[in-house]
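A look at the structure
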Amino acid sequence: MKRIGVRLAYFVRTAWRGLRASPVTSAVAVMTIGISLVLVGAFALLLQNMESLLDKLGGELHVTAYLEDGLTQGQQQEIAHLIGTVEGVESVSLITKEEAFERFRRGVGRGSALLEGLADNPLPASIEIALVASRRSASGMAMVVASLDGLDGIDDLASGQDWVEGYMRAVALLRGLGVGLGAILALATLLIVANTIRLAVFARRDELEILSLVGASHSFMQTPFLLEGILQGALGGGVALLLLFALFRVVLPGFEFGLELVLGGVSPRFFALGESLALVATGAGLGLFGSAAAVTGGWRT
Amino acid sequence: MKRIGVRLAYFVRTAWRGLRASPVTSAVAVMTIGISLVLVGAFALLLQNMESLLDKLGGELHVTAYLEDGLTQGQQQEIAHLIGTVEGVESVSLITKEEAFERFRRGVGRGSALLEGLADNPLPASIEIALVASRRSASGMAMVVASLDGLDGIDDLASGQDWVEGYMRAVALLRGLGVGLGAILALATLLIVANTIRLAVFARRDELEILSLVGASHSFMQTPFLLEGILQGALGGGVALLLLFALFRVVLPGFEFGLELVLGGVSPRFFALGESLALVATGAGLGLFGSAAAVTGGWRT
Amino acid sequence: MDERRDAAVRLFHVSKSYDAGSFALRDVSLEFARGEFVFLTGPSGAGKTTLLKLLFAAEQPSEGQIVVLGRNIARLGESAIPPLRRRIGVVFQDFKLLQSRTVEENVAMALAVVGTPRREARAKVFSILKQLGLQHRRYHHPLSLSGGEQQRVAIARALVNEPEILLADEPTGNLDPDLTVDIMDLIASTAIRGTTVVVATHELGIVGRYGKRTIRLDQGRITEDKKAVGVASGM
Amino acid sequence: MDERRDAAVRLFHVSKSYDAGSFALRDVSLEFARGEFVFLTGPSGAGKTTLLKLLFAAEQPSEGQIVVLGRNIARLGESAIPPLRRRIGVVFQDFKLLQSRTVEENVAMALAVVGTPRREARAKVFSILKQLGLQHRRYHHPLSLSGGEQQRVAIARALVNEPEILLADEPTGNLDPDLTVDIMDLIASTAIRGTTVVVATHELGIVGRYGKRTIRLDQGRITEDKKAVGVASGM
Ligand SMILES: Nc1ncnc2c1ncn2[C@@H]1O[C@H](COP(=O)(O)OP(=O)(O)OP(=O)(O)O)[C@@H](O)[C@H]1O
Ligand SMILES: Nc1ncnc2c1ncn2[C@@H]1O[C@H](COP(=O)(O)OP(=O)(O)OP(=O)(O)O)[C@@H](O)[C@H]1O
Ligand SMILES: [Mg+2]
Ligand SMILES: [Mg+2]
């Protein structure tokens, strides 16, 4: 028991001394991890916020059911209620003829002057049908359309398939790019960090040689280096977190207006506590991995 | 003369041996530079393509002059010609009443059915005025509008100021983000590379000490390291170029459709020869800078 | 030498060849008793350092068997080497001190490895440095020591752990004659206390002075094995 | 010693203190003629290495003036040190060989620095290694050499450039008696050819054998300056 305490104290002391003895080398490792994680983290932030934007856009996806002319308000509401019970439908909202005209006028904008010449409102009432998340795809939509088709009182069903197609592709592109670039970035980070620590350990091979000669076991030699790696990694993660937060708080507000254009009204969100800790833990993991890779390079005499 | 030849040969030989003697360390440096430049390069590519997109969008910015009703085609063309001579105007194009109606019909899309009820074409003829690049801002536009105002035959001038405002902000945001992120990335790259090479040199401090003891001058000791740095940097740049090209050729086509959505019809363009060389040169510069920073750390005995 | 019957070191027909065709050691058979003091002499390149390296498993024999403290070196697994080394103190020909650590820390490394608590370690280090006349240098770094001082630090590190075997390679090569005698006396005294001591040296003057068992190597072969003069084993 | 009238080395009241309060050298005044052969002796820590370090500008004196080959060391700019060092060969107490280079490359470093073409350098390196009995080791790395072999490589590097001054710190500490004589004879022969040779050593046997000028240091002071015996300067 006492031996373990002595040993632990030795490991921590040695790791600490290692950090202090080569401050430049350690700083390089911490900085490398920090910078790498800033890139990865910024990317994660972007993806995360993009996902909420995509969610929001997805919420605007809907099927429109144009109703036959001449139905009473009660009948229209009955149909709306009925549609609301169909599987895959999240919510419905009824658009009367008048509302439809008003929307159209606004949508046309400057050209609306010419609508004033119209005697009659030719637009039909309609029901906008929002879909549950799992049905927000061309095929999911087609299923909903199929199950509504032929319903009494419905004149026509429009699902804006084109738009859906485009939307789905954009989502796939962005998610794909996100995951792809994220993976490349993560791999690059891993390589750079492992190699930085490898070099740092390499610069201290004398120490390892001598320890081995005086009878240190492998674990005895490696543990302080692993601790050092973990510490450097965690520090790097912390640095990255601070930098990201600073960027988020100081830099972004300057672009608020532009951001609104890009994010389309989704207000940007920073990492929650759990995600922040995950970033630091990722740093620690990188450090551990890097030093483990560096240290298991075989150093018998 | 002969001495210089001998010396040069020595430098090149020593640099080459240095690279070969520590292949892992050299590979780390090359890889670090390569990866960093891939990030910077991907970013530059993105910016470059975004700029062409912005240019294209900018080209669509225009002031519309609505003409009074009842002008003859000749009169309309005369006005168009006149406007074409105004300072800040790049080109003009005349839209007749019929063309305007056709456009409107297409723009309205599904709702166009209701236009069939119209007896008369209420839309005016107009002239679309494209502006030179320097006038593509809200204020520049206002100036052009001011100098056209009151011209005979013109009923109304519309400059879509709102849209311009939004467009200009988006451009500013993207350019700002671009330059800002690019600068951060470049700085990060510089730091990581300099420190990687610094560690690599550190791992060879024995050699420097001994050289100094046998009477080598500073330049004699430093030159091979600088050569090595340049070589590693250029190799890293080459690696980055190849990776980027592979990404560009292999990965992007898979996203062609999505890309069209994002780039809005601007077909993506890879670096030209000059830009490619600049990337490699940047790598070489980074390597030189890194080794210079590493090597001028004072090593007397 | 009397109580413990088993030998500390036994070599059976050991050969060592680094490069095919040339032998650094050739068919060497030897036995060192516990507490024995042995000089290893011979010209440069004779194989003295190689023999010592085999004893603490820094090299593996090409042929033959080596038993050190009851363990067969040739059959030792990776993980069995460190525990064996902790029982052996080695003074290296090139010292192998860590430039980035103080003298005290360098010596304490041998204690940290066996898990000696820090306070105890400091006391032990101080005591051994004092015996070697180096206590005032304990916070210095090796680079700021003279050659002889560095050599004594290397000796201190080998002795601080009270090893069962002490291997010393040219331990007085950088010491002046007076110091040489002091240090050799210290080393000899550890043999009296039961440590098996093997000293490789060129200095025939010292070898003569102590009248200990002397093994002469030449081109990897034992050319002479002179028994100790008299009975006493350490004075 | 006769043709060239100026001294190779002159020290005027030189002191060197690494740590405030303690002196590694104290008020040393000396003059070595060109082609002179001088032994430097004294106990461990006396200041021998320090004195040699001052002569090739590895350390600056705390007080006093040092003139080496006509140049005042204390006033030397950074850029004047390398050219001076190229005229001085040094054998370091700890060899300072590069483990990652072969023996040949290690020795050739001293030639590369003065811009010797490669072919010429190889011939010179081979010839000096042969004189030291090391030609068959020229493609080996220092780590695979015995202590004495490494020491000879260090000597080869110091001599290959035919320096005007040769400083040797304990150059035979790892050599057996026979080799010691061979190597010291080689070093002595360079003095006959006009090189000023300063050898720091503990081995009083050698010092006696050559009957050269012997300067004894103790605690940083000169305690004895014994003139050479006889007239001939190198046999
Ligand atoms: N770089 C340094 N920093 C501090 N003190 C030093 C330094 N180098 C030498 N000393 C001290 O100066 C004194 C003289 O050292 P020096 O190396 O000149 O002795 P030496 O005569 O060569 O001894 P040895 O025979 O043991 O090699 C010693 O006490 C040593 O500790
Ligand atoms: N790692 C190695 N690889 C190849 N050859 C080696 C290696 N170590 C030693 N040798 C060779 O083995 C022979 C014996 O070397 P060793 O170091 O045992 O000699 P030594 O008796 O200690 O000599 P010295 O008194 O000079 O230290 C020498 O010829 C040496 O060159
Ligand atoms: Mg040896
Ligand atoms: Mg010395």
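Residues numbered from 1 in each chain as written. Chains lettered and ligands numbered in written order. Predicted model: local features only at pLDDT ≥ 70, side-chain atom pairs only at ≥ 80, totals over all residues. Heavy atoms only, no water.

1. Describing the overall build of chain A
Our working definition: Helix and strand definitions here come from DSSP, where helices need a minimum of 4 consecutive H or I residues and strands a minimum of 2 consecutive E residues; each element is numbered from the N-terminal end. Using a 1.4 Å probe on the protein chains alone, a residue whose accessible area is under 20% of its type maximum counts as buried, one over 50% counts as exposed, and one in between counts as partly exposed.
For chain A, the count of helices and strands is ten helices and four strands. Looking at chain A as a whole, 45% of its 301 residues qualify as buried.

2. Quick word on the site of ligand 1
Quick note on the threshold: Think of it this way: one heavy atom of a residue within 4 Å of a molecule or strand is enough to make that residue near it. Two N or O atoms form a polar contact when they lie within 3.5 Å of each other; inside protein one atom must be a possible hydrogen donor and the other a possible acceptor, and for residues adjacent in sequence the pair counts only when both atoms belong to side chains. Where accessible areas are quoted, they stem from the Shrake-Rupley method and a 1.4 Å probe; at the residue level, only the protein chains shown are allowed to cover. Basically, the charged four are Asp, Glu, Lys and Arg, the nonpolar ten are Ala, Val, Leu, Ile, Met, Phe, Trp, Tyr, Cys and Pro, and anything else, Gly included, counts as polar.
The environment of ligand 1 is formed by 20 residues, the closest being Arg137, Ser146 and Gly148 of chain C together with Thr49 and Thr50 of chain D. Neighbouring residues of ligand 1 are distributed over chains C and D. A distance of 3.0 Å separates an oxygen atom of ligand 1 from a polar atom in the side chain of Gln93 of chain D. Within the side chain of His202 of chain D, one N or O atom sits 3.2 Å away from an oxygen atom of ligand 1. In isolation ligand 1 has 630 Å² of accessible area, and contact with the protein removes 91% of it. Where the shell around ligand 1 is concerned, the elements lending two or more residues are helix H5 (147-159) of chain C together with helix H1 (48-55) of chain D. Class assignment for the residues of the shell around ligand 1 results in five nonpolar, eleven polar and four charged.

3. Some details on unusual backbone geometry
Despite not being glycine, His13 of chain C shows a phi value in the positive range, around 45°. Within the secondary structure, His13 of chain C sits in strand E1 (residues 7-16).

4. A word on the coordination of the magnesium ion (ligand 4)
The expected angle between donors at a tetrahedral four-coordinate metal is 109.5 degrees. At an octahedral six-coordinate metal it is 90 or 180 degrees. Rules: Only nitrogen, oxygen and sulfur atoms within 2.8 Å of the metal, or 3.2 Å for Na, K and Ca, are treated as donors, and water is left out, so sites may look incomplete.
Donor atoms from the polypeptide that coordinate the magnesium ion (ligand 4) comprise Thr49 of chain D (OG1) and Gln93 of chain D (OE1), at 1.9 to 2.4 Å from the metal. Taken together, the residues Thr49 of chain D in helix H1 and Gln93 of chain D in the loop between strand E6 (88-91) and helix H3 (103-112) connect sequence positions 44 residues apart.

5. Thoughts on the interface of chain C and chain D
Quite often, the size of an interface is put as the accessible area lost when its parts meet. Just so we agree on the cut-off: Note on contacts: a residue pair qualifies if any of its non-hydrogen atoms lie within 4.5 Å across the two residues. Defined here as a combined quantity, buried area equals the accessible surface (1.4 Å probe) lost by two parts on assembly, summed across both. When a carboxyl oxygen of Asp or Glu lies within 4 Å of a side-chain nitrogen of Lys or Arg, that pair is called a salt bridge.
Each partner contributes residues to the interface: chain C has 21 residues there, and chain D has 21 residues. Together chain C and chain D conceal approximately 1,500 Å² of surface at their shared face, both sides included; 44% is due to carbon and sulfur atoms. Sorting the residues of chain C by area buried against chain D places Ser44, Asn174 and His202 of chain C first, and these three jointly supply 31% of that buried surface. At the boundary of chain C and chain D, one finds zero salt bridges. In this assembly, chain C and chain D are joined by 16 residue pairs in polar contact (both at pLDDT 80 or more).

6. Points about a nonpolar patch on the surface
Residue and element names in this part refer to chain A. The cut-off we apply is this: Think of a patch as exposed residues, more than 30% relative accessible area, with no salt bridge, where like charges cluster within 9 Å and nonpolar side chains (Val, Leu, Ile, Met, Phe, Trp, Tyr) cluster within 5 Å.
Together, Ile4, Leu8, Val12 and Leu227 line one region of the surface with nonpolar side chains, adding up to about 350 Å² of accessible area. Considering every element that reaches the nonpolar patch, the biggest residue donor is helix H1 (residues 2-21), with three residues. Considering the arrangement of structural elements, one finds Leu8 in helix H1.

7. Description of the site of ligand 2
As a structural note, the neighbourhood of ligand 2 is formed by 20 residues, with Thr49 and Thr50 of chain C together with Arg137, Gly148 and Glu149 of chain D the closest of them. Neighbouring residues of ligand 2 are not confined to one chain but are distributed across chains C and D. Ala46 of chain C is positioned such that a nitrogen or oxygen atom in its backbone is 3.2 Å from an oxygen atom of ligand 2. Within the backbone of Ser144 of chain D, an N or O atom sits 3.1 Å from a nitrogen atom of ligand 2. If ligand 2 stood free it would expose 640 Å²; the protein chains cover 91% of that surface. Only helix H1 (48-55) of chain C together with helix H5 (147-159) of chain D provide two or more residues apiece to the shell around ligand 2. For the shell around ligand 2, the per-class residue count stands at five nonpolar, twelve polar and three charged.

8. Let's talk about the relation of the copies chain C and chain D
Where we set the bar: To superpose the copies, least squares is applied to the C-alpha atoms of every residue with a pLDDT of at least 70 in both.
The operation relating chain C to chain D is a screw motion whose rotation component is 180°, with 0.0 Å of axial translation and a residual RMSD of 0.0 Å. The operation mapping one copy onto its partner corresponds to a two-fold rotation axis. Taking C-alpha positions as reference, the residue of chain C nearest the rotation axis is Gly173 of chain C, located at 2.5 Å.

9. Some details on the pairing of strand E9 (residues 213-218) of chain D
Residues and elements named next belong to chain D. Just so we agree on the cut-off: Strand pairing requires that DSSP identify at least two bridges connecting the strands.
For strand E3 (residues 37-41) and E9, the ladder comprises four bridges, and the chain directions are parallel. The residue of E9 that forms the bridge with Thr41 is Arg216. As defined by bridge partners, E9 adjoins strand E10 (residues 221-226) across five bridges and the pair is classed as antiparallel. Each residue of the ladder has a partner; that of Arg216, found in E10, is Glu224.

10. Description of the confidence of the model for chain C
All names here are of chain C. In plain terms, the rule: Each residue carries a pLDDT score, the predictor's confidence in it, ranging from 0 to 100.
The predicted model of chain C averages 90 in pLDDT, with 95% of residues at 70 or higher. Taken together, the stretch residues 231-235 has pLDDT below 50 and engages in eight contacts with residues farther than four places along the chain or on a different chain. Across the predicted assembly, pTM comes out at 0.75 and ipTM at 0.76.

11. Describing the packing of aromatic side chains
What counts is decided by this rule: Each Phe, Tyr or Trp ring, with Trp reduced to its six-membered ring, pairs with another whose centre is within 6.5 Å; inter-plane angles below 30 degrees give stacked pairs, above 60 give edge-to-face pairs, and intermediate values give tilted ones. Throughout this description, the term charge over a ring refers to an Arg CZ or Lys NZ atom that lies within 6 Å of the ring centre and within 35 degrees of the ring normal.
Counted by the stated rule, this structure contains 20 aromatic pairs over all chains. The interplanar angle of 15° and the centroid separation of 4.7 Å between the aromatic rings of Tyr10 of chain B and Phe220 of chain B together place this pair among those described as stacked. Of this pair, Tyr10 of chain B sits in helix H1 (residues 2-21) while Phe220 of chain B sits in helix H8 (residues 218-251), placing them 210 residues apart in sequence. Using a relative accessible area of 9% as the deciding quantity, one classes Tyr10 of chain B as buried. On the basis of relative accessibility, which here comes to 3%, the residue Phe220 of chain B falls in the buried class. Between the NZ or CZ atom of Lys96 of chain C and the centre of the ring of Phe92 of chain C, over which it lies, the distance is 5.9 Å. One Lys or Arg, Arg209 of chain D, reaches over the ring of Tyr210 of chain D and ends 5.5 Å from the middle of that ring.

12. Examining helix H4 (residues 118-131) of chain D
All names here are of chain D. Keep this limit in mind: A helix is expected to reach a length of 1.5 Å times the quantity of its residues less one. In this description, one arc is meant: the one made by directions from the helix axis to the C-beta atoms.
Over its 14 residues, H4 runs 20 Å from end to end, which matches the ideal 20 Å to within 8%, given 1.5 Å per residue. Looking only at H4, the buried set comprises Ala121, Val125, Ile128 and Leu129. Buried residues of H4, seen end-on, are gathered within an arc of 100° and therefore sit on one face of the element. On its buried face, H4 sits against H3 and H5. Trailing H4 by a residue or two, Gly133 shows a phi angle of about 70°, which is positive.

13. Some details on the pattern of salt bridges
Scanning the model with the defined rule gives 28 salt bridges over all chains in all. Residue Lys97 of chain A pairs with Asp69 of chain A through a salt bridge whose shortest N-O separation is 3.2 Å. Of this pair, Lys97 of chain A sits in helix H4 (residues 97-108) while Asp69 of chain A sits in the loop between strand E1 (62-67) and helix H3 (73-84), and the two are 28 residues apart along the sequence. Among the residues examined, Lys97 of chain A registers a relative accessible area of 23% and is labelled partly exposed. One salt bridge connects Glu164 of chain C with Arg34 of chain C, and the closest N-O pair in it is separated by 3.5 Å. Taken together, the residues Glu164 of chain C in the loop between H5 and strand E7 (165-169) and Arg34 of chain C in the loop between strand E2 (25-33) and strand E3 (37-41) connect sequence positions 130 residues apart. The class of Arg34 of chain C is buried, set by a relative accessible area of 12%. Each of Glu209 of chain A together with Asp94 and Lys96 of chain C takes part in one network of salt bridges that share partners.

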